[in-house]
Amino acid sequence: MDPPEPDLTDPYRVDPNRVDPYQGDPYQVDPYQVDPDRADPYQVDTDRADPDEAVAPGPTEWPGTGPAVGVGPHPRPWPSDPRLDPDLLAGGDARNVVDHYRYWTREAIVADLDLRRHPLHVAIENFGHDLNIGTVVRTANAFAVARVHIVGRRRWNRRGAMVTDRYQHLQHHPDVPSVLQFAAAAGLTVVAVDNLPGSIPLETTALPRDCLLLFGQESSGLSPAARTDAALTVSIAQFGSTRSINAGVAAGIAMHAWIRQHADLAAAWQPEPGRSAGG
């Protein structure tokens, strides 16, 4: 009897003989992998003086890329408030900010966030241009993290940050020892996050209040120095077939674990009418 024909209508059934765009050398040229030495409007230097300087509009600022968001021009007479931006009052505000900050200047938003930030720091290793850094920055902004530390390469791709990097304090460190030195001077306990032998479950661990969460890269996880010198290493419970979860997702889970233990939840922004969490 001849074998049955494959069900080609099944999008999850893969022809083993076809060229698979996801199969191959993990170090092959990737259109989303940015050359650290070329000019790229989405590739930013962590320590440059002005995060808006010479940067193209971010994804939330592209015209015509989705449904209209934000608010239109403010009715006159305009409020007398030095925090408000006259250009936004006149033209409307479609930025990726909560309604509380509509029409505010970027400087005013950062100053107000500085009053709300938590004693939580986040560090992510960037020795191979990890594309998850933008996601980590965006999540850190959502949880009012004090500072995000980029360890390794100075430049990173900001596309996933959705422009939230403009409101988030960032700091570059050339290697793991330098970020550990920063943490020690600031009185922060370094907690590494990786599913390693000897790690303890994040779900049952009391995280320090003054804390720096340290994350490795997507492909290789924590570097040897990070594994050795962190005060403790926590793991995230998994139940499926994959060996690990996305580094950006892991960072969000760990940050939220800290928020549940230490944040004043009454101070969180309330859901806004007509606005989804994924917007």
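Everything quoted here is computed from the prediction, not taken from an experiment.

So, how was this worked out
Residues numbered from 1 in each chain as written. Predicted model: local features only at pLDDT ≥ 70, side-chain atom pairs only at ≥ 80, totals over all residues. Heavy atoms only, no water. Axes fitted to C-alpha atoms, helices over the stretch in contact; angles between N-to-C directions. Helix = DSSP H or I, 4+ residues; strand = E, 2+ residues; numbered from the N terminus. Parallel < 35°, antiparallel > 145°, perpendicular 65-115°, else oblique. Left-handed = near helix turned anticlockwise from the far one by under 90°. Contact = heavy atoms within 4.5 Å. Nonpolar A, V, L, I, M, F, W, Y, C, P; charged D, E, K, R; others polar. Core = buried A, V, L, I, M, F, W, Y, C linked by side-chain atoms within 4.5 Å. Buried < 20%, exposed > 50% of the residue type's maximum accessible area, 1.4 Å probe, protein only. Pairing = 2+ DSSP bridges. Polar contact = N/O pair within 3.5 Å; in protein donor to acceptor, adjacent residues only side chain to side chain. Phe/Tyr/Trp six-rings, centres within 6.5 Å; stacked < 30°, edge-to-face > 60°.

Novice: Looking at this structure, I do not really get the packing of helix α3 (residues 133-142) against helix α6 (residues 247-262). What am I missing?
Specialist: Helix-helix packing: each pair is described by the crossing angle between the helix axes and the interaxial distance. Running from amino to carboxyl end, α3 crosses α6 at an angle of 20°, the nearest separation of the two axes being 8 Å. Classified by the angle between their axes, α3 and α6 sit roughly parallel to one another. Relative to α6, the crossing made by α3 is right-handed. For the pair α3 and α6, the contacting residues are T135, V136, T139 and A140 in the first and G248, A251, G252 and M255 in the second. A class-by-class count of the residues in the contact of α3 with α6 yields four nonpolar, four polar and no charged.

Novice: Can you walk me through the nonpolar core in this structure?
Specialist: Grouped together as the largest cluster of nonpolar side chains are 31 residues, with contacts concentrated most on L213, F215 and M255. Top contributing element to this core by residue count: α6, with seven residues. When near neighbours in sequence (up to four residues on either side) are disregarded, L213 contacts L120, H121, V122, A123, V191, V193, A254 and M255. Formed by 15 residues, the second largest nonpolar core is a distinct cluster that contains V190, L196, L222 and A226.

Novice: Please explain the environment of D264 as it appears in this structure.
Specialist: Residue position: D264 is located in the segment after α6. Residue D264 is classed as exposed on the basis of its relative accessible area of 53%. Note: C-alpha distance between D264 and H118 (146 residues apart in sequence) is 9.7 Å.

Novice: I keep staring at the sheet that holds strand β2 (residues 118-126) and nothing clicks. Help me out?
Specialist: Two strands in a sheet stick together by hydrogen bonds in their backbones, pointing the same way (parallel) or opposite ways (antiparallel). Strands sit in the order β5-β3-β2-β8-β6-β9-β7 across an open sheet of seven strands; the sheet is parallel. In the strand order of this sheet, the two ends are held by β5 (170-173) and β7 (200-201), each with one partner. Pairing of strand β6 (residues 189-193) with strand β8 (residues 211-215) involves five bridges; the strand directions are parallel. The partner of V193 across the bridge, within β8, is F215.

Novice: Quick question: what am I supposed to make of the pairing of β2 here?
Specialist: Counting buried positions over the nine residues of β2 gives eight, a clear majority of the element. For β2 and strand β3 (residues 145-152), the ladder comprises seven bridges, and the chain directions are parallel. Each bridged residue has a counterpart across the sheet, and for E125 the counterpart in β3 is V151. Two elements, β2 and β8, share five bridges in a ladder whose sense is parallel. Residue L120 lies in a different strand from β8, and its bridge partner there is C211.

Novice: Looking at this model, I keep getting lost on α3. Mind explaining?
Specialist: In an α-helix there are 3.6 residues to a turn, and that puts residues three or four apart on one side. Judged by how many residues are buried, α3 sits mostly within the fold: seven of ten residues are covered. Within the sequence span of α3, burial applies to I133, G134, V136, V137, T139, A140 and N141. Residues of α3 that are buried sit in contact with α2 (106-114), β2, β3, β4 (155-157), β5 and α6. Backbone geometry just after α3 places A144 at a positive phi near 55°.

Novice: Can you walk me through the pairing of β3 in this structure?
Specialist: In summary, the side chains of a regular strand alternate between the two faces of the sheet. Among the eight residues in β3, seven count as buried, and that is most of the element. Here β3 runs beside β5; their pairing, made up of four bridges, is parallel. Residue pairing across strands places I150 opposite H172, the latter belonging to β5.

Novice: I tried to follow the side chain of H149 on my own but got confused; where do I start?
Specialist: Note that H149 resides in strand β3. Classification of H149 as buried rests on a relative accessible area of 0%. At a separation of 2.9 Å, a polar atom in the side chain of H149 contacts the side chain of H121. For H149, the contacting residues outside a window of four places in its chain are H121, V122, A123, I124, Q171, H173, V179, F182 and L212.

Novice: Honestly, the environment of G72 in this entry has me stumped. Any pointers?
Specialist: Its location among the elements puts G72 in the loop between β1 (43-45) and α1 (86-91). For G72 and A90, which are 18 residues apart along the polypeptide, the C-alpha to C-alpha distance reads 8.3 Å. Not counting the four nearest positions on each side in its chain, G72 is found in contact with G92, D93 and Y103.

Novice: What exactly am I supposed to notice about the packing of aromatic side chains here?
Specialist: By the definition in use, this model includes two aromatic pairs. Taking the centre distance of 4.9 Å and the plane angle of 70° together, the rings of Y101 and W104 count as edge-to-face. Of the two residues, Y101 and W104, neither departs from the other in class, the shared state being buried. On the basis of relative accessible area, Y101 is assigned to the buried category, the value being 3%. Connected via pairs of aromatic rings, a cluster forms that spans Y101, W104 and W269.

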